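Descriptive analysis of the structure
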Amino acid sequence: MVMSLTGMDIANASLLDEATAAAEAMVMAFVNSNSRKKNFFVDKAVSPQSIAVLQTRGKGFGINVVIGDVSNLSRSDIENLDLCGVMVQYPDVNGFVREYATLANDIHSTGGLMTVATDLLALTMLKPPGEWNADIVFGSSARFGVPAGYGGPHAAFFAVADKLKRKMPGRLVGKSKDVTGKTAYRLALQISAREQHIRREKATSNICTSQALLANMAALYAVYHGPIGLKKIANRIHAFTQILKAKLEDFGYSIHNASAYFDTLIINIDGPTQKTQSIHDIAEKIGINLRKSGDHTVGVTLDESVSPQDLIDIINVFALASGANLVTLSQLASPIEFIPDIPVHLQRESSFLQHPVFNMHHSETEILRYIHSLQEKDLSLVHAMIPLGSCTMKLNSTSSMIPLTWPEFSGIHPFAPLDQAQGYYQLIKELESDLCKITGFAACSVQPNSGAAGEYAGLLVIRAYHASRGEGHRDICLIPVSAHGTNPAVSEQLLSRSGIDFLKSAVMAGLKVVSIKTHEDGTLNLQDLREKAEKYNKNLAAFMITYPSTYGVFEEGVQTACNIIHENGGQVYLDGANLNAQVGLTNPATCGGDVCHLNLHKTFSIPHGGGGPGVGPICVAEHLASFLPTHPVVPTGGTSPIGAVAASPWGSASILFISWAYIKMLGGTGLADASKLALLNANYIAHRLQNHYILRYTNANNRVAHELLVDLAEFDRKAGLKVADFAKRLQDYGFHPPTCSWPISTCMLIEPTESESLAELDRFCDAMIAIREEVEEIISGKQPRDNNVLKHAPHPISIIALSDKEWNRPYSREKAVYPLPYLRERKFWPSVSRIDDAYGDLNLICECPTVEELAV
Ligand SMILES: *Cc1c(COP(=O)(O)O)cnc(C)c1O
């Protein structure tokens, strides 16, 4: 959908929000210049929240964000400024639709990149940026059927020219095939190059949690409406805007962007003599928010939800203010001839969304069946426990999620004034205060949209604190090798080209990373920590530690470690993504930290949505409270030097109340009980599995924390079996695999959470133990090493339905699909067999299925 609408070669659909997508585009332009060109030009008519996030991100990388009027940017300016890239918005924040083809050529001739923020709906009418040589095109897809939700969650799309595809941030879904040749989708270039979990030092970005669910909503909106429906929606909006413009001009108002617009008008309100009431007073009385776009102008943007009566109401605000006669619906009813008010050379001529999927599901019954057919391919919490370690897949209760469907929550504009969002505001403040109590800290910001974004924001807080004390030179960050991958992930290109340690969350905050060793048993090497802290004491900025560590153990030396850091002038960042093991039992402040982030999409019950949305709030100690992020559009109180880290002041505001409800419904005792049960459940699994598998790390009492690492290395030696073979075989048993090959390549990380019953834990353990028995048959030679039930897993119906002649395997079909009795009652059928990973990365295709593939 994004590729087609933007006219670009390849696309990702689920970055965190438009403003951080803008920052990713800028960093790509910088990297593309081999980190040599430090100036990046941004047109002043790019959205203010995007500009704010660019400024914040620019600081860590040493990129100089030059803001100016792009229409005055000459070719010699581009050369003199030695720009790595230019950013424009199309249509811009003032509603103008301008032409940038010449600019694109100019910037290309000096080796820079042309980056463009845009609106997918407008592109149904406007010539797409791909047709005028843009390199990176991004924006928010929220307009495609996603509620405003007071700011989020909203997915950002990100499309690039082919030459840039291997440098793209975020997750890329690619098309591959399974062993039978059937089309199969997978995250492409992932294990091999991109995923910061797996190849921490080779990741292309710090994006882990994304906006997968929201990207799917936007895509399904396009599937349902199709090209004709979308065009109709866009035409109607544009026609309404034309009517509004004509009426306003009748009343004597001048329109700033009259020459070329899509859905937005900037209106000069000084024109007609103002009557007794100001335009703002009138608008407020009838509940319309006019955007003040300057001292003398207001902005109006129309969307698909605007009814004819709404249009009349808006027109009449201006009629009243200018003393003109009120307009009635019947006066507008006469049909107008529709000619777009867009310069002909900027109108879209190319077709879009021609693919069958956008042209076959246009009735409610059809779209329902299509969505359901996709859903049937997913193994989710409705089927079984999802034992993903370090991902905390727990119950998302209906009672906490129902309010998402209420218009009172979903219908509020991101930049609604505070007095119109008092309910939201109270809820956010209560959540912040509860999170402070839980973490033991003094202040909280819910702005970051993921755990990784929280890490980044938290480290900026630490840097700003040092700077405020005249210690801005402190730039060393110590990170144990057992930390989460988002903490240190290194960007390969940056590393090889610039020769500096260009590490992620830490490096994005302008810090240099020094690794700290761990002992054999997975615990932190305190001696190494002390030596490094003392060695760097003049420049020590921070220590980042994950607690409990990603090895699934409570770090016993955590308080000592924090003391060592404080004695040497540093601050402690405690990665609290796995707070599920500590809520009500201990907390980051008790451990000795100064800042932490939490993952509300883990510990606090927001569903993962196939990879997002998420919320990664940060909590800080008293001395850091004044350094929390702020926002340019809606003041969040405070004047922090950091600025904004996300597009909206409270990040993904509309999902915050899932966590709010979770906390309020459980209360203090309930939350502590949840932690205890999570620990008990993990230890129960550890106890049942320890006679069958090697547990990598346990503490002195033979206990694990809320998750456990099972080491499968021995089976590679004894039977040629890899972690993936176990993971695939678990699918035949009806389970989603645990986290694989992370944080140790030969391991599985298992986390049951408090939500699972004893019966479900037993079912999972039974499956793991049964697989262990299958492995024994391979070790003992009863089954061949390269042709067995694990190597061939998973087994979809298409394989089981092979004729007797074709079924030439040394095990029965029954053993393949019904290895344990419960499966006869409850069977989840995988839709594809083993996927060809190498093929998918070599033939990187990110398109939807063809008609033939859809028919299969
Ligand atoms: C999940 C996780 C993160 C990253 O969080 P995202 O929301 O996926 O960016 C960071 N640290 C730890 C320990 C985690 O488990």
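Since the structure is predicted, the reported quantities are computational estimates derived from the model, not experimental observations. (Residues numbered from 1 in each chain as written. Predicted model: local features only at pLDDT ≥ 70, side-chain atom pairs only at ≥ 80, totals over all residues. Heavy atoms only, no water.)

1. Digging into the domain arrangement of the protein chain
For interface size, the figure often reported is the accessible area lost on association. Each assigned domain of the protein chain is listed with its residue range as follows: domain 1 (2–166), domain 2 (444–651) and domain 3 (668–830). Distance from the C-alpha centre of domain 1 to the C-alpha centre of domain 3: 45 Å. (Domains from an automatic or database assignment.)

2. Considerations on the nonpolar core
Judged by nonpolar contacts, the single largest core of 83 residues is most densely connected at Met-1, Phe-144 and Phe-318. With twelve residues, the top contributor of residues to this core is helix H7 (residues 212–250). Membership of the second largest hydrophobic core comes to 72 residues, among which are Ala-22, Val-53, Leu-54 and Leu-511. (Core = buried A, V, L, I, M, F, W, Y, C linked by side-chain atoms within 4.5 Å. Buried < 20%, exposed > 50% of the residue type's maximum accessible area, 1.4 Å probe, protein only. Helix = DSSP H or I, 4+ residues; strand = E, 2+ residues; numbered from the N terminus.)

3. Focus on the sheet that holds strand S6 (residues 136–140)
Through backbone hydrogen bonds, the strands of a sheet pair up, either in parallel or in antiparallel fashion. Read across the open sheet, the seven strands follow the order S1-S7-S6-S5-S4-S2-S3; overall the sheet is mixed. Pairing within the sheet leaves two strands with one partner each, and these edge strands are strand S1 (10–15) and strand S3 (64–68). The average undirected angle you get between the axes of adjacent strands in this sheet is 20°. (Pairing = 2+ DSSP bridges. Axes fitted to C-alpha atoms, helices over the stretch in contact; angles between N-to-C directions.)

4. Section: the site of the ligand
Around the ligand there are 17 residues in total, and Ser-390, Gly-451, Asp-575, His-601 and Lys-602 lie nearest to it. In this structure, an oxygen atom belonging to the ligand sits 3.0 Å away from a side-chain N or O atom of Asn-599. Here an oxygen atom of the ligand and a side-chain polar atom of His-601 are 2.7 Å apart. Of all the elements, helix H15 (residues 451–468) adds the most residues to the shell around the ligand, at three residues. Split by residue class, the shell around the ligand holds three nonpolar, eleven polar and three charged. (Near = heavy atom within 4 Å. Polar contact = N/O pair within 3.5 Å; in protein donor to acceptor, adjacent residues only side chain to side chain. Nonpolar A, V, L, I, M, F, W, Y, C, P; charged D, E, K, R; others polar.)

5. Things to note about helix H9 (residues 308–322)
Between its first and last C-alpha atoms H9 spans 21 Å; for 15 residues at 1.5 Å apiece the expected length is 21 Å, and the two agree. Following H9 by one or two positions, Gly-323 has its phi on the positive side, about 80°. (Expected span 1.5 Å × (residues − 1).)

6. What to know about unusual backbone geometry
The residue after Tyr-90, namely Pro-91, is reached through a cis peptide bond having omega -5°. Each neighbour pair has its own omega, and for Gly-152 with Pro-153 the value is 5°, a cis peptide bond. With respect to the element layout, Pro-153 can be found in the loop between S6 and strand S7 (156–160). Of note, Ser-35 is a non-glycine position whose phi angle comes to about 55°, a positive value. Tracing the chain through its elements places Ser-35 in the loop between helix H2 (18–32) and strand S2 (39–43).

7. Some remarks on H7
Its 39 residues place the ends of H7 only 46 Å apart at the C-alpha level, less than the 57 Å of an ideal helix rising 1.5 Å per residue. Most pronounced at Gly-226, the bend in H7 amounts to some 95°, and the proline Pro-227 follows within four residues. Directly beyond the C-terminal end of H7, a positive phi value near 100° is found at Gly-252. (Bend = angle between axes of the 7 residues up to and from the residue.)

8. A look at the environment of Val-775
Within the secondary structure, Val-775 is located in helix H24 (residues 758–779). Between the alpha carbons of Val-775 and Asn-449 there is a distance of 42 Å; along the sequence they are 326 residues apart. If near-sequence neighbours (up to four positions away) are discounted, Val-775 is found in contact with Phe-715, Leu-721, Phe-726 and Leu-790. (Contact = heavy atoms within 4.5 Å.)

9. With respect to the packing of helix H18 (residues 526–535) against helix H19 (residues 558–567)
Packed helix pairs are specified by the crossing angle of their axes together with the interaxial distance, meaning the distance between the axes. Packing of H18 against H19 brings their axes to within 9 Å, and their N-to-C directions diverge by 10°. Here H19 runs roughly parallel to H18, going by the angle between their axes. Of the residues in H19, those touching H18 at Leu-526, Leu-529, Arg-530 and Ala-533 are Thr-560, Ala-561, Ile-564, Ile-565 and Glu-567. Looking at the contact of H18 with H19 residue by residue, the classes come out as six nonpolar, one polar and two charged. (Parallel < 35°, antiparallel > 145°, perpendicular 65-115°, else oblique.)

10. Some words on the packing of aromatic side chains
A full pass over the atoms with the stated rule returns 22 aromatic pairs. Considering the side-chain rings of Trp-406 and Phe-409, the 6.1 Å spacing of their centres and the 20° angle between planes classify their relative orientation as stacked. For Trp-406, a relative accessible area of 40% corresponds to the partly exposed category. Between Tyr-425 and Trp-650, the aromatic rings sit 5.8 Å apart at their centres with planes inclined by 75°, giving edge-to-face as the arrangement. Highlighted residues: Tyr-425 in helix H14 (residues 422–439) and Trp-650 in the loop between strand S20 (618–620) and helix H21 (656–689), separated in sequence by 225 residues. Residue class for Tyr-425 comes out partly exposed when judged on its relative accessible area of 24%. Three or more aromatic residues joined by ring pairs form one cluster here, namely Tyr-150, Trp-406, Phe-409, Tyr-424, Tyr-425, Trp-650 and Phe-657. Against the face of Trp-829 rests Lys-827, its NZ or CZ located 5.0 Å from the ring centre. (Phe/Tyr/Trp six-rings, centres within 6.5 Å; stacked < 30°, edge-to-face > 60°. Lys NZ or Arg CZ within 6 Å of the ring centre and 35° of its normal.)

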